[in-house]
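Notes for the structure review
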Amino acid sequence: MAFFLATGAGALPEGMSGFKIKVPDSATKVLSDEPKRVQALLQQYGQAISRSRTAGRRVSFRVDVDPEGEMVVTPVEDAAMAVPVLPEEDSTADAGLEQALAAARARGRSKAAEILGQADMLSADDFARLLGTTRVTVNTKRQNGQVLGLDGAKRGYRFPDWQLDSDGKPFAVLPILHESLGGAWAVYRFLVQPHGELDGLTGREALERGRTKQAIAAAESVGRDFR
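Residues numbered from 1 in each chain as written. Predicted model: local features only at pLDDT ≥ 70, side-chain atom pairs only at ≥ 80, totals over all residues. Heavy atoms only, no water.

Before going further, it helps to examine the packing of aromatic side chains. We describe a pair of aromatic rings using the distance from one ring centre to the other and the angle between the two ring planes. The full count for this structure, using the stated rule, is three aromatic pairs. Relative to Phe159, the ring of Phe127 lies with its centre 5.2 Å away and its plane at 5°, an arrangement referred to as stacked. Separated by 32 residues along the polypeptide, Phe127 in helix H5 (residues 124-131) and Phe159 in strand S7 (residues 156-160) bring together distant segments of the chain. Residue Phe127 is classed as buried on the basis of its relative accessible area, which comes to 0%. (Phe/Tyr/Trp six-rings, centres within 6.5 Å; stacked < 30°, edge-to-face > 60°. Helix = DSSP H or I, 4+ residues; strand = E, 2+ residues; numbered from the N terminus. Buried < 20%, exposed > 50% of the residue type's maximum accessible area, 1.4 Å probe, protein only.)

This is the structure in structure tokens:
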């Protein structure tokens, strides 16, 4: 199937009265039921062609479609697509920035190794024995966010022995924390750092004192701040 669009003056490049776009057969019914949306989309495409030829480079527009089929077409400014030309003196600044980033990454790896080397960090085998289960089960629970396992390049995964409740089971809220915070190291930081929302308690202390709902709310707040 193909669509041909004719538009008013100024919508298309000079000399063009319209253009044709091939559409997959699977989309035919959806598009034919929404002629006004199709026209708006194709008009935006024609305008993009005109802007691209005038600017001598690529331009773009974005189409957002919700589950109900509502469509929002947003032009992307040409300037956003341009590749900035940096003055020569910026090369020195770039080199300094890269060195700073490399140093920061090195410090991060060093700190992670220090944390993973602490006595309360157990291997998968030791943590499995603590739980009375198998290494395979522990790794499955880690992948599902049911236990906290921290990845170390040299040491492999390490599991804090303090992530257990008074019954000797991993905190039941761990999957929620993983979902809210987005990663194991983020969960670790939340559990060991104090939070104003928890009256200065760490996430771990709040859980140990039964303040689970408050801990979840604090984690959701932290997670929103980093999105």
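This paragraph deals with the pairing of S7. Pairing geometry for strand S5 (residues 121-122) and S7, over two bridges, is antiparallel. Bridge pairing in S7 places Leu122 opposite Phe159. Strand direction decides the pairing type here: strand S6 (residues 150-152) and S7, joined by three bridges, are antiparallel. Bridge pairing links Gly152 to Gly156 in S7. (Pairing = 2+ DSSP bridges.)

With that settled, the discussion passes to the sheet that holds S5. Spatially, three strands are ordered S5-S7-S6 in an open sheet, and the strand pairing comes out antiparallel. Since the sheet does not close on itself, it has two edges, and those belong to S5 and S6, each with one partner.

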